[in-house]
Amino acid sequence: MENTWIYRGQEPIKIKKYLQTLGMGHRMFNDIKNGAGEFQVDHRTVRPTTKILPNQPLTIKVVPEFPNPDVQPSHGDLEIVFEDANWLVVNKPAGLASIPGPTTGDDTLLNRVTGYLMDQNSPDQRPHLITRLDRFTSGLLLVAKHQVAVSMISQQVQQHRMVKEYQAIVEGVLENDHGLIEEPIARVEGQARREVRTSGQIAKTEYWVEERGKDWTLVRVRLHTGRTHQIRVHFSYLGHPLLGDHLYGGQTAQFDHQLLCASHIAFDDPFTLKRRDFTIKLPATFAQAMTR
């Protein structure tokens, strides 16, 4: 893997400090410094303590990552919304798990991306899922194609600067056009379910009503925290479970999974220094629900 930036500052700066301004973590820098790669300035290999001058190019080269032996490649369908040397943005269908687990087998999104990278003879063949979705939630996932991308994006994820928006159809008619749900979420002992409980972790869900029907509401949702099942738990707590959500009390007569889609994602690309912004159309099941 190789990436190059042109330093646009006005004063000389050490390589480490410059890469930190771009988002690189301490651990990744040390890995490169200790033999996992090299630093180049003006196409010459330099020491990690070297200072970069204004308008000089900095290149980092990192040894490639080979496939994870615990993740078998799969060659199932993969809907790619965007791809470059560093990222994949993928539209995951409902019913496909994000990562392997005891009940998911070897055909998950991670298995499919692994198989895709191998088929493409990608120099790095160990993808990293930056965002994940529940098995029966559809929508956009961001995948890092190599370990440097993981390091460079981690601050945005940890500081919740990456924008992740969902759309969902909840049962009943929400009264307010906009709301903020701030209720702690905890795991139910011995179950996959979560619930609102004072001893739980802080959770914050913001929503906007986009359309109302006779007995349903289409909402746009933004997560300010990332708790498991957060959207599903919070709307169930309000008395408006997601349509089709069997785990949290939603009606399942017509739909066998929750109508929840990660429809929008945006982040600052630390390689191009540009804003990446992606939006997809809602699955056909949403239209079906809204025309009942």
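Our structure is the block above this text.
Residues numbered from 1 in each chain as written. Predicted model: local features only at pLDDT ≥ 70, side-chain atom pairs only at ≥ 80, totals over all residues. Heavy atoms only, no water.

Let us look at the pattern of salt bridges. Applying the stated rule across the entire model yields 13 salt bridges. Across the pair Glu2 and Lys61 runs a salt bridge, and its minimum N-O distance is 3.8 Å. With Glu2 in strand β1 (residues 2–6) and Lys61 in strand β6 (residues 57–62), the pair connects residues that are 59 residues apart, well separated along the chain. Classification of Lys61 as partly exposed rests on a relative accessible area of 30%. For Asp84, the salt bridge goes to Arg276, with nearest N and O atoms at 3.3 Å. Within this pair, whereas Asp84 is found in the loop between β7 (79–83) and β8 (87–92), its partner Arg276 is found in strand β18 (residues 274–279), the two being separated by 192 residues in sequence. Of the two residues, Asp84 and Arg276, neither departs from the other in class, the shared state being buried. Within this structure, Glu165, Glu210, Arg220 and Arg222 form a network of salt bridges that share partners. (Salt bridge = Lys/Arg side-chain N within 4 Å of Asp/Glu carboxyl O. Helix = DSSP H or I, 4+ residues; strand = E, 2+ residues; numbered from the N terminus. Buried < 20%, exposed > 50% of the residue type's maximum accessible area, 1.4 Å probe, protein only.)

So, on to the nonpolar core. Core analysis: the biggest nonpolar cluster contains 45 residues, and Ile15, Leu19, Met24, Trp87 and Val148 have the highest contact counts within it. Filtering out sequence-adjacent residues up to four positions away, Val148 remains in contact with Met1, Met24, Met28, Ile60, Val62 and Phe271. (Core = buried A, V, L, I, M, F, W, Y, C linked by side-chain atoms within 4.5 Å. Contact = heavy atoms within 4.5 Å.)

This part takes up unusual backbone geometry. Despite not being glycine, His43 shows a phi value in the positive range, around 70°. As for its placement among the helices and strands, His43 is situated in the loop between β3 (37–41) and β4 (44–46). Since its relative accessible area comes to 65%, His43 is described here as exposed. The backbone of His229 sits at a positive phi, close to 60°, despite the residue not being glycine.

So, about the side chain of Thr114. By the secondary structure assignment, Thr114 is in helix α3 (residues 109–119). The buried category is assigned to Thr114, whose relative accessible area is 3%. Reaching out from Thr114, the side chain makes a polar contact with the backbone oxygen of Leu110 at a distance of 2.9 Å. Excluding its chain neighbours within four sequence positions, the residues that come into contact with Thr114 are Val71, Pro73, Gln125 and Pro127. (Polar contact = N/O pair within 3.5 Å; in protein donor to acceptor, adjacent residues only side chain to side chain.)

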